[in-house]
Amino acid sequence: MKQVASGRREVAVIERPPEWVRLVGLAAFDRREPEVRVADLEYDSLMSHTEVPAGTRLLRFATEQEDVSVTVNATGMSVSLAIAIVPARLVRVDVRPIHGPVKHAWTDGHGRVTAGDVPAGPLSILVHWPPPIGPVRTAWIQV
Amino acid sequence: MTAAASEVPVALVPTENATPEQLVARAIKGDRRAWEALVDLYSGLIWSVTRQFRLCDADAADVAQTTWLRLLEHIDRLHDASRVGPWLATTARRECLRTVAHRRRVVLTGEEGDLDRADIVQSEVDAGLLAAERCRDVGNAVAQLPQRWRDIMTLLTADPPTSYEEISATLQVPIGSIGPTRRRCLRRLQDLLEL
């Protein structure tokens, strides 16, 4: 029975959460953007068996019409991002990490842009496509 | 009179008495108090998932934050708003897996001298790995339980334990079913863990 008791104790990994767990949940509400369409995560090389170069991660977000591909390269506590958007336009892109300031950048004519020294952690990318597409943001993702 | 017509309008139900489904409906409309009530209701659940994966506080915070942000993104697209708790648990679990996978691929080292200390800390690491492995086995066993059982066990094994009355109210299950479900859960876990 000792073993059973030990097993039960290990099941009991649930603890009352520290206050900061509640606070991050409350803070999330301030990032509500009901007016902006969301490009959902369609592919994450981290969760697939696809071979990618070491330290590189591929992400793809999509709506029915638009596509945002991101190549993430880990560089210690920060990451660099190579972003490609479809349809390709000269547009402003906002990289919005939870743990740092928003970085603004502009895509080139091929819809490509890079952003370096982005703090690791959850982030979302906002693409300012002009009308009739309008702004689209990626789902939140941990990088 | 139809069932819908006999229901009290969602907006008139006090937040403290609202069901998860009603809280979701209000949060969709931008009701911050409803969101706060959801956070109060389910923070423990998300935290427990991160503990199962033994994440450090910084990673657990990122998982919790991402999970809540994901709910905001999907809150008006949930198949069944009354199942928001299990939805959050599943999302948190996926984010934990993402974090673990990321940590496995990215190894950060400080000064080179730190590597020289590897032998000294090896036994601690082994103990940690064994504990993590045991934890993983338990986590795998728990993952094989039906979702409803997992929800009940999550609340039952909270510290301090959640009362049967609270569990009944939170999960909308008959209070009389909690004890028998607990017994069945533990029996199944014993079998799965070969205890």
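In what follows, the structure referred to is the one given above.
Reading the values: the criteria
- Residues numbered from 1 in each chain as written.
- Chains lettered and ligands numbered in written order.
- Predicted model: local features only at pLDDT ≥ 70, side-chain atom pairs only at ≥ 80, totals over all residues.
- Heavy atoms only, no water.
- Contact = heavy atoms within 4.5 Å.
- Buried area = accessible area lost by both parts, 1.4 Å probe.
- Salt bridge = Lys/Arg side-chain N within 4 Å of Asp/Glu carboxyl O.
- Polar contact = N/O pair within 3.5 Å; in protein donor to acceptor, adjacent residues only side chain to side chain.
- Helix = DSSP H or I, 4+ residues; strand = E, 2+ residues; numbered from the N terminus.
- Axes fitted to C-alpha atoms, helices over the stretch in contact; angles between N-to-C directions.
- Parallel < 35°, antiparallel > 145°, perpendicular 65-115°, else oblique.
- Nonpolar A, V, L, I, M, F, W, Y, C, P; charged D, E, K, R; others polar.
- Phe/Tyr/Trp six-rings, centres within 6.5 Å; stacked < 30°, edge-to-face > 60°.
- Buried < 20%, exposed > 50% of the residue type's maximum accessible area, 1.4 Å probe, protein only.

K.L.:
Summarise the interface of chain A and chain B; cite the residues concerned and give the values.
P.N.:
On the chain B side, the residues contacting the 47 residues of chain A number 55 residues. Between chain A and chain B, a total of about 4,500 Å² is buried, with carbon and sulfur atoms accounting for 63% of that surface. Asp44 of chain A serves as the salt-bridge partner of Arg98 of chain B, at 2.4 Å between the closest nitrogen and oxygen. Counting the contacts that link chain A with chain B gives 12 residue pairs in polar contact (both at pLDDT 80 or more). Take the side of chain A that touches chain B: its biggest share by element is 7 residues, from helix H2 (residues 19-28) of chain A.

K.L.:
Which residues make up the side chain of Arg150 of chain B, and what values do they have?
P.N.:
Residues and elements named next belong to chain B. Secondary-structure assignment places Arg150 in helix H8 (residues 147-156). Separated by 2.7 Å, the side chain of Arg150 and the backbone oxygen of Leu145 make a polar contact. Beyond its immediate chain neighbours, meaning those up to four positions away, Arg150 contacts Arg93, Val142, Ala143 and Leu145.

K.L.:
Before we move on, could you go through the packing of H8 of chain B against helix H10 (residues 178-193) of chain B and cite the residues and values that matter?
P.N.:
Residue and element names in this part refer to chain B. The N-to-C vectors of H8 and H10 enclose an angle of 100°; their axes lie 10 Å apart at closest approach. One element, H8, and the other, H10, form an angle in the roughly perpendicular class. Residues Trp149, Ile152, Met153 and Leu156 of H8 pack against Ile178, Thr181, Arg182, Arg184, Cys185, Leu186, Arg188 and Leu189 of H10. Looking at the contact of H8 with H10, its residues break down into 8 nonpolar, 1 polar and 3 charged.

K.L.:
Before we move on, can you summarise the packing of aromatic side chains with the specific residues and values?
P.N.:
Inspection of every chain in the model, using the stated rule, returns 3 aromatic pairs over all chains. Seen from their ring centres, Trp35 of chain B and Trp68 of chain B are 5.4 Å apart, and the 70° between their planes marks the pair as edge-to-face. Here Trp35 of chain B is found in helix H3 (residues 32-52), whereas its partner Trp68 of chain B is found in helix H4 (residues 57-74), with 33 residues between them in sequence. For Trp68 of chain B, a relative accessible area of 0% corresponds to the buried category. Each member of the aromatic cluster is reached from another via a ring pair, and the members are Phe29 of chain A together with Trp35 and Trp68 of chain B.

K.L.:
Provide a residue-level description of the pattern of salt bridges, including the pertinent values.
P.N.:
The final tally for this structure, using the stated rule, is 15 salt bridges over all chains. The residue Arg70 of chain B makes a salt bridge to Glu95 of chain B at a minimum N-O spacing of 3.2 Å. You can see Arg70 of chain B sitting in helix H4 and its partner Glu95 of chain B sitting in helix H5 (residues 84-105), a full 25 residues away along the chain. For Arg70 of chain B, a relative accessible area of 10% gives the class buried. Salt bridges sharing common partners tie together Glu33, Asp44, Arg57, Arg96 and Arg137 of chain A together with Arg70, Glu73, Glu95 and Arg98 of chain B.

Everything listed here is a matter of geometry and, on its own, says nothing about what the molecule does.
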